[in-house]
Each structure stands twice: as C-alpha cells, then as structure tokens.
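Each chain, written out:
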2 protein chains.
Amino acid sequence: MDKIVLDGNVVAQEIREGLKTRIEKLKKNGLIPCLATILVGDNPASETYVKMKGNACKRLGMKSIRVHLPEETSTSELVETIKELNNDNSVHGILLQHPVPPHIDERTAFEAIDIRKDVDGVTSTGYGQTALGFGEYPSCTPAAIMKILEHYQIQIDGKHAVVVGRSPILGKPVSALLLNANATVTTCHSRTSNLPEILKLADIVVAAVGKPEFIKGSWLKDGSIILDAGYNEGNVGDIDYKTCYEVASAITPVPGGVGPVTIATLLKQTVESAEKYSV
Amino acid sequence: MDKIVLDGNVVAQEIREGLKTRIEKLKKNGLIPCLATILVGDNPASETYVKMKGNACKRLGMKSIRVHLPEETSTSELVETIKELNNDNSVHGILLQHPVPPHIDERTAFEAIDIRKDVDGVTSTGYGQTALGFGEYPSCTPAAIMKILEHYQIQIDGKHAVVVGRSPILGKPVSALLLNANATVTTCHSRTSNLPEILKLADIVVAAVGKPEFIKGSWLKDGSIILDAGYNEGNVGDIDYKTCYEVASAITPVPGGVGPVTIATLLKQTVESAEKYSV
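Calculation rules
- Residues numbered from 1 in each chain as written.
- Chains lettered and ligands numbered in written order.
- Predicted model: local features only at pLDDT ≥ 70, side-chain atom pairs only at ≥ 80, totals over all residues.
- Heavy atoms only, no water.
- UniProt positions renumbered as here; feature names shortened; annotations may be inferred.
- Helix = DSSP H or I, 4+ residues; strand = E, 2+ residues; numbered from the N terminus.
- Buried < 20%, exposed > 50% of the residue type's maximum accessible area, 1.4 Å probe, protein only.
- Contact = heavy atoms within 4.5 Å.
- Patch = residues over 30% accessible without salt bridge, like charges linked within 9 Å, V, L, I, M, F, W, Y side chains within 5 Å.
- Areas by Shrake-Rupley, 256 points an atom, 1.4 Å probe, with all protein chains shown as cover.
- Salt bridge = Lys/Arg side-chain N within 4 Å of Asp/Glu carboxyl O.
- Lys, Arg positive; Asp, Glu negative; His and termini not counted.
- Charge placed at Lys NZ, Arg CZ, Asp CG, Glu CD.
- Least-squares fit on C-alpha atoms with pLDDT ≥ 70 in both.
- Axes fitted to C-alpha atoms, helices over the stretch in contact; angles between N-to-C directions.
- Parallel < 35°, antiparallel > 145°, perpendicular 65-115°, else oblique.
- Left-handed = near helix turned anticlockwise from the far one by under 90°.
- Nonpolar A, V, L, I, M, F, W, Y, C, P; charged D, E, K, R; others polar.
- Domains from an automatic or database assignment.
- Pairing = 2+ DSSP bridges.
- Phe/Tyr/Trp six-rings, centres within 6.5 Å; stacked < 30°, edge-to-face > 60°.
- Lys NZ or Arg CZ within 6 Å of the ring centre and 35° of its normal.
- Buried area = accessible area lost by both parts, 1.4 Å probe.
- 1 Å grid on protein atoms, 1.4 Å probe; cavity = no way out; pocket = protein on both sides within 12 Å on 5 of 7 lines; lining within 4 Å.
- Points joined across faces, edges and corners; volume = space filled by probe spheres on them.

Chain A carries the name Bifunctional protein FolD in an unreviewed UniProt entry, which gives Lederbergia graminis as its organism. Here chain A is described in UniProt, under the heading Sequence similarities (unreviewed entry), as follows: "Belongs to the tetrahydrofolate dehydrogenase/cyclohydrolase family." UniProt lists a comment for chain A under the heading Function (unreviewed entry), and it reads "Catalyzes the oxidation of 5,10-methylenetetrahydrofolate to 5,10-methenyltetrahydrofolate and then the hydrolysis of 5,10-methenyltetrahydrofolate to 10-formyltetrahydrofolate."

Visitor: What should I look at first to understand the overall build of chain A in this one?
Guide: Helix and strand counts for chain A stand at ten helices and nine strands. Considered along the principal axes of its C-alpha atoms, chain A spans approximately 50 × 45 × 35 Å. The buried share among the 279 residues of chain A stands at 58%. Look at the contacts in chain A between residues 6 or more apart in sequence, and 70% of them connect residues 24 or more apart.

Visitor: Quick question: what am I supposed to make of a negative patch on the surface here?
Guide: Side chains of A:Asp42, A:Glu71, A:Glu72 and A:Glu77 sit close together on the surface and give a patch of like negative charge. Mapped onto the elements of the fold, A:Glu71 is located in the loop between β3 (63–69) and α3 (75–87).

Visitor: What is the right way to look at the relation of the copies chain A and chain B in this model?
Guide: Superposition of the two copies of the chain requires a rotation about an axis and a shift along the axis. In screw terms, the move from chain A to chain B is a rotation of 180 degrees and a rise of 0.0 Å along the axis, fitting with an RMSD of 0.0 Å. Such a turn and shift between the copies fits a two-fold axis. Mapped onto chain B, 100% of the interface residues of chain A again fall at the interface, so both copies present the same surface.

Visitor: Teacher, can you tell me more about the side chain of B:Asp118 here?
Guide: Residues and elements named next belong to chain B. Within the secondary structure layout, Asp118 lies in the loop between α4 (106–111) and α5 (124–131). Although buried, Asp118 forms no salt bridge, and the nearest oppositely charged side chain, Arg107, lies 7.4 Å from it. Excluding its chain neighbours within four sequence positions, the residues that come into contact with Asp118 are Ile113, Thr123, Gly126 and Tyr137.

Visitor: Please explain the packing of helix α1 (residues 8–28) of chain A against helix α10 (residues 258–278) of chain A as it appears in this structure.
Guide: What describes two packed helices is the angle between their axes and the distance between those same axes. Residue and element names in this part refer to chain A. Where α1 contacts α10, the two axes come as close as 9 Å, and the packing angle between them is 20 degrees. Here α10 runs roughly parallel to α1, going by the angle between their axes. At the point where α1 passes α10, the crossing takes the left-handed sense. Across from Gly8, Asn9, Val11, Ala12, Ile15, Arg16, Leu19, Arg22, Ile23 and Leu26 in α1, the residues of α10 making contact are Pro260, Val261, Ala264, Thr265, Leu267, Lys268, Val271, Glu272, Ala274, Glu275 and Ser278. Residues belonging to the contact of α1 with α10 are distributed by class as follows: twelve nonpolar, four polar and five charged.

Visitor: Explain the UniProt feature "domain: Tetrahydrofolate dehydrogenase/cyclohydrolase catalytic" (unreviewed entry) in chain A to me, please; I cannot follow it from the model alone.
Guide: Residues annotated in UniProt with the feature "domain: Tetrahydrofolate dehydrogenase/cyclohydrolase catalytic" (unreviewed entry) correspond here to residues 6–120 of chain A. Overall, residues 6–120 of chain A shows 49% helix and 16% strand. The separation of its end C-alpha atoms is 23 Å.

Visitor: Mind showing me how you'd approach the domain arrangement of chain A here?
Guide: When the parts of a complex come together, some accessible area is lost, and that lost area is often taken as the interface size. Partitioning chain A into domains gives domain 1 (30–115) and domain 2 (140–259). Computed from C-alpha atoms alone, the centre-to-centre distance between domain 1 of chain A and domain 2 of chain A is 28 Å.

Visitor: What exactly am I supposed to notice about the sheet that holds strand β6 (residues 184–188) of chain A here?
Guide: Either a parallel or an antiparallel arrangement is found when strands of a sheet pair, and the pairing is made through backbone hydrogen bonds. Spatially, the twelve strands line up as an open sheet ordered β1(A)-β9(A)-β8(A)-β7(A)-β5(A)-β6(A)-β6(B)-β5(B)-β7(B)-β8(B)-β9(B)-β1(B), and their pairing is mixed. Here the strands that pair on one side only, and so sit at the sheet edges, are β1 (4–5) of chain A together with β1 (4–5) of chain B. Its contacts with the sheet place helix α7 (residues 171–180) of chain A against β5 (160–164), β6 and β7 (204–207) of chain A together with β6 (184–188) of chain B, and it is angled at close to 175 degrees to β5(A). Docked against the sheet, helix α7 (residues 171–180) of chain B engages β6 of chain A together with β5 (160–164), β6 and β7 (204–207) of chain B, running at close to 175 degrees with respect to β5(B).

Visitor: Looking at this structure, how should I read the UniProt feature "binding site: NADP(+)" (unreviewed entry) in chain A?
Guide: Residues and elements named next belong to chain A. Mapped onto the present numbering, the UniProt feature "binding site: NADP(+)" (unreviewed entry) falls on Gly165, Arg166 and Ser167. One can find Gly165 in the loop between β5 and α7. Residue Gly165 is classed as buried on the basis of its relative accessible area, which comes to 7%. Those residues within four positions of Gly165 in sequence are excluded, and the remaining contacts are Gly171, Thr187, Cys188 and Ala208. Within the fold, Arg166 resides in the loop between β5 and α7.

Visitor: It is not clear to me how the packing of aromatic side chains should be interpreted in this structure. Could you clarify?
Guide: Pairs of aromatic rings are described using the distance from one ring centre to the other and the angle between the two planes. In total, this model carries seven aromatic pairs over all chains according to the counting rule given. Note on A:Tyr241 and A:Tyr245: the rings are 5.8 Å apart at their centroids and 35 degrees apart in plane angle, and the pair reads as tilted. Here A:Tyr241 and its partner A:Tyr245 are both found in helix α9 (residues 241–247), four residues apart, which amounts to about one turn of the helix. The class for A:Tyr245 is partly exposed, based on a relative accessible area of 31%. Stacked on the ring of B:Tyr245, the Lys or Arg B:Lys3 has its end atom at 5.0 Å from the ring centre.

Visitor: Would you mind showing me how to read α7(B) here?
Guide: Along an α-helix, a turn takes 3.6 residues, which lines up residues three or four apart on a common side. All names here are of chain B. The element α7 is extensively covered by neighbouring structure, given that nine of its ten residues are classed as buried. Among the residues making up α7, those that are buried are Gly171, Lys172, Pro173, Val174, Ser175, Ala176, Leu177, Leu178 and Leu179. Backbone geometry just downstream of α7 places Asn182 in the positive-phi region, at approximately 75 degrees.

Visitor: For this particular structure, what's the right way to read the environment of B:Gly210?
Guide: All names here are of chain B. Residue placement: Gly210 occurs in the loop between β7 and β8 (225–228). What makes Gly210 exposed here is its relative accessible area of 52%. The spacing of Gly210 and Asp238 is 28 residues in sequence and 6.1 Å in space, taken between C-alpha atoms. For Gly210, the residues in contact, after removing those within four places along its chain, are Asn232 and Asp238.

Visitor: What is the right way to look at the interface of chain A and chain B in this model?
Guide: Taken together, the contacts link 32 residues of chain A with 32 residues of chain B. Summed over both partners, the interface of chain A with chain B comes to about 2700 Å²; 56% of that surface belongs to carbon and sulfur atoms. Put simply, chain A and chain B have two salt bridges between them. Note that B:Arg191 is salt-bridged to A:Asp157, the shortest N-O span being 3.0 Å. Counting only elements with at least two residues in the side of chain A that touches chain B, the list comes to α4 (106–111), α5 (124–131), α7, β6 and α8 (195–199) of chain A. When β6(A) meets β6(B), the two strands line up antiparallel, connected through three bridges. In the strand pairing of β6(B), A:Val185 is matched with B:Thr187.

Visitor: Looking at this model, I keep getting lost on empty space enclosed by the protein. Mind explaining?
Guide: Rolled over the atoms, a probe as big as a water molecule pinpoints where empty space is left. According to the stated counting rule, one finds one cavity of 30 Å³ or more in the structure shown. Estimated volume of the largest cavity: approximately 220 Å³. As for the largest cavity, its lining consists of 16 residues, of which A:Tyr127, A:Ser175, B:Tyr127, B:Ser175 and B:Thr187 are closest to the centre. Breaking the lining of the largest cavity down by element, the ones donating at least two residues are α5, α7 and β6 of chain A together with α5, α7 and β6 of chain B. In terms of residue class, the lining of the largest cavity is made up of ten nonpolar, four polar and two charged.

Here you go:
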C-alpha cells in the first residue's frame with residue numbers, strides 16, 4: 001500500500017497562490033485586506049503564533065494589525081478593544097489568540113467579535129452556521145483539515161471519522177464539518193472510556209486533544225488516515241508519529257502538516273471578508 | 001435485568017407541575033406567558049402538532065397565538081410575519097412548525113426568529129450556543145431526550161451514545177447535548193455504511209431518522225438504552241419496538257415517550273422567556 005505524507009506546506013502554497021490575484025484586485029480598488037490579531041499577556045508560544053500570522057499577511061501583501069494587551073487586561077477591556085476593531089472599517093478579520101489569561105472570560109470575548117469579521121469561526125453564531133452547513137468562516141484549523149483531505153482527494157463520504165477532542169474551535173467544528181461531508185463521526189474526549197476500541201473503527205482520525213504523542217499506532221486500524229492538529233512543546237503533535245506512521249495510509253507530519261494550512265486558511269478567510277467589503 | 005419503559009407522560013407531568021407556580025407568579029405581575037405558533041400550509045400532521053401545542057398552553061393557563069398562513073406564502077411573507085411576532089411584546093416564544101412547504105427557504109425563516117424568542121433552538125445562534133454549552137433554549141426534542149435520561153437517572157458520562165439522524169433540530173443538537181454531558185457520541189445518517197456494526201457499540205441509542213420502524217433489535221447491544229424521537233404514520237417510531245424492547249434495558253414507547261416531554265419542554269422554555277421579560 002502506498003503511504004502518503006500529507007504535506008501541509010504544499011496545500012498552504014496552493015491556497016496562497018490562489019489569493020495573490022484576489023489581493024491584487026482588491027488593492028487596485030484601494031482596499032488592502034487586513035487581519036487584526038489580539039494577544040493578551042506574554043505566553044511565548046502565543047507570541048510566536050501571532051507573529052507567524054502577521055508575517056504571513058505581510059508576505060502576501062496584506063496588512064496586519066497586532067494588538068498586544070497586558071496580562072492584567074480585564075474581560076471588559078478586551079471586549080472594548082474588540083469593539084473598536086469591529087468598528088474599524090480598515091479591519092476585515094479579527095483573531096483573538098487562544099488561550100487568554102485565566103481571569104478573562106474567553107467566551108464573552110469571542111462573542112464580542114462581529115460575525116462579519118469572525119474569520120476564525122469562534123463565535124457561537126459562526127460555529128452554529130458552520131455546523132448547520134452554511135457558515136462563511138469555519139474555524140481555521142478544522143477548515144484546514146478539510147482542505148488537506150480535499151487536496152489529496154481522500155474520500156470522506158460514508159467513511160467513519162473519529163475526532164479525539166471536543167474544544168469549541170477544533171474538536172467540535174471539525175466533527176461538524178466531517179459530518180456535513182457525509183462521514184459518520186464519533187467525537188471522543190477525556191471521558192471516553194474505550195478510546196483504542198473506537199479508534200480501531202476509524203477510517204479517518206483527527207487528533208485534537210492537546211496531549212503530546214498521545215495516540216498510539218497500535219490503537220489504529222491498518223490503513224487509516226491520520227490528521228494531527230496537535231502542536232506541543234518539543235515540536236510534536238498529539239499522535240505518536242513513529243508508530244502511527246507504520247499503520248497509516250496517509251498522515252500529516254508535525255510540523256509541516258495542519259499548521260501551515262491553518263494560517264493560509266486564516267489569510268483566505270480574511271481576503272474573503274475584504275472582498276465582501278469591496279462590493 | 002430490570003427493563004424500564006421510559007414514560008414520557010410522567011416526565012412531562014413533572015415538568016408541567018414545576019411550571020404552575022411560575023406561571024401564577026408571572027400572572028400576578030400582569031404577564032401571561034405566550035407562545036406563538038406559525039403553520040404554513042395544510043399538512044394534517046403539522047396541524048395536529050400545532051393544535052396540541054396550543055392546547056398544552058391553554059391547559060397550563062398560558063396564552064397561545066396560532067398564525068396559520070396559506071400554502072402559497074412566500075419566504076419573505078413568512079419572514080415578515082416572524083418579524084411582527086419578534087416585535088410583539090406580548091409574545092415570548094415563537095415556534096415555526098417544521099416542515100414548511102418546499103418553495104419556502106426554511107433556514108431563512110428560522111434565522112429570522114429573534115434569539116430571545118427562539119424557544120425551540122432553531123436559529124444557528126441558538127444551535128451554536130447549545131453546542132458550545134451555554135445555550136438558553138436548546139431544540140425541544142433534544143432537550144426532552146436529555147430530560148428523560150435525567151429523570152430516570154440514566155448515566156451519560158463516559159457512555160457511548162449513537163445518534164441516528166443529523167437534522168438541524170434533532171440529530172445535530174441531541175448529539176451536541178450528549179457530548180456536553182460527557183458521552184462519547186457517534187452521529188450516523190443515511191450515508192453511514194455500517195450502521196448495525198456501530199449500533200452494536202452503543203450504550204445509548206437515539207433514533208431520529210424519520211423512517212418507520214427502521215432500527216431493529218438485532219442491531220443493538222444487549223442492555224442498551226433506546227430513545228425513539230421518531231413519530232411516523234400509524235403511530236410508530238423510528239425503531240422496531242418489539243425487537244428493540246427485547247434487547248433494551250430502557251426504552252421510550254411511541255406514543256407516550258419523547259413526544260409529550262417535547263411539548264412540556266416547549267412550554268417550559270416559553271415560561272423562561274416570559275420570566276426574562278418580567279425582570
């Protein structure tokens with residue numbers, strides 16, 4: 001059996017190529033697509049992510065605004081900042097970097113984002129629209145996973161997909177997108193009592209659990225397709241790559257798998273939002 | 001093993017009893033909780049449902065408004081009617097009876113319902129809030145299923161629930177509620193290739209497929225808990241009751257199972273909405 005390493009850099013490149021002429025067209029009309037990122041506090045990993053997103057904008061000739069708020073920012077101060085960006089016509093997408101410091105009510109902050117600028121699908125309305133099948137901006141990592149499957153022409157319809165994780169911006173929306181693509185979908189999580197037994201049934205596995213090298217190859221069905229959305233310290237994902245590689249028919253590496261496609265998707269959805277402004 | 005028939009009439013009665021003093025209190029403050037139902041066209045089953053809901057309001061001393069629109073109503077006319085009810089301060093809940101005639105864009109109509117009056121959880125925002133765990137009014141049939149499980153003290157945490165069906169007001173939200181209650185959840189549907197194999201793993205089965213007597217007892221695990229949300233011509237549900245009864249440890253009958261609890265839940269959520277108006 002041919003084994004495919006699902007190369008996120010190739011997929012991301014394809015997305016970026018598709019954006020170039022669209023960005024040029026917008027610019028000719030005097031409009032520069034702009035992503036605003038908000039970082040609260042000094043989590044070094046989050047700082048890196050935000051920087052990567054800003055740099056990715058720059059490389060494509062897009063604008064980015066980086067708002068960096070101090071650790072002690074209150075929920076209402078954060079909401080105030082979000083509202084200012086909602087009202088700023090030069091901003092087309094708003095990304096609040098997750099996680100925020102624990103004293104902040106992250107849900108309240110997410111909900112403050114204008115649905116038209118919710119390019120990472122974090123609001124409940126954005127999530128609901130995605131799950132019901134007509135959302136404009138799904139959460140970027142779930143959308144990236146679907147894009148990788150599409151790029152490599154992996155059949156989803158009628159397949160059994162098992163998602164490990166149920167976070168609002170990853171496990172839940174990727175379950176919803178796979179379901180809408182006609183997979184039978186099982187969502188597992190920390191309270192799942194028989195994870196290896198369930199994974200043995202999976203044609204497609206999405207690891208979104210946030211635990212380094214958690215999922216072992218011995219738990220998986222031979223020939224399964226594995227998408228690793230985890231990114232943990234030491235540059236490892238949520239799957240035990242070596243043993244999973246052995247059984248997989250297709251697998252995303254970490255790094256170079258889901259990550260770059262997530263960022264490219266964020267740019268794409270920001271450009272789409274800008275295009276709606278320009279009409 | 002003791003077999004339990006999950007009696008929806010008992011659960012519904014309990015809900016209604018809990019509402020009586022709340023309704024009295026509202027009335028003392030000059031406020032009568034009011035549900036508006038909208039029926040488009042002349043589907044006899046839908047007429048019956050709407051009548052049942054209106055009668056249920058009456059029996060509890062609640063008000064109900066029945067809007068009956070002709071078959072040829074357009075989407076925009078329906079949306080106009082919904083907006084009028086949104087703006088009517090005497091109305092606390094709006095229920096658009098599903099299904100609407102095929103020429104109407106049901107989703108557009110559902111989305112027109114003010115979230116504060118969306119007591120059947122049909123809007124994408126209502127669905128998203130439910131799925132993310134902070135929704136005020138989940139879709140009534142899913143909420144009824146959860147209430148039955150709660151009433152009969154059936155453990156959900158750590159169990160494997162299999163939902164057959166993925167509609168926006170039934171399969172999807174009941175999957176979401178079960179997931180939030182810490183079940184491992186598999187959502188199956190018409191494209192699921194190995195339904196009996198998956199059902200064999202289920203501790204809890206929710207039938208929400210809309211096909212009479214579709215699910216057979218031989219597909220199920222011994223001792224499984226079966227909730228039948230179907231209601232088809234001939235007063236039969238989505239499960240083959242006789243054979244499923246044999247293997248179940250607990251089972252809802254049709255009629256007298258999920259149905260009455262759904263209606264009681266609708267009243268309860270309308271009363272909750274009225275209480276919010278009164279503060």
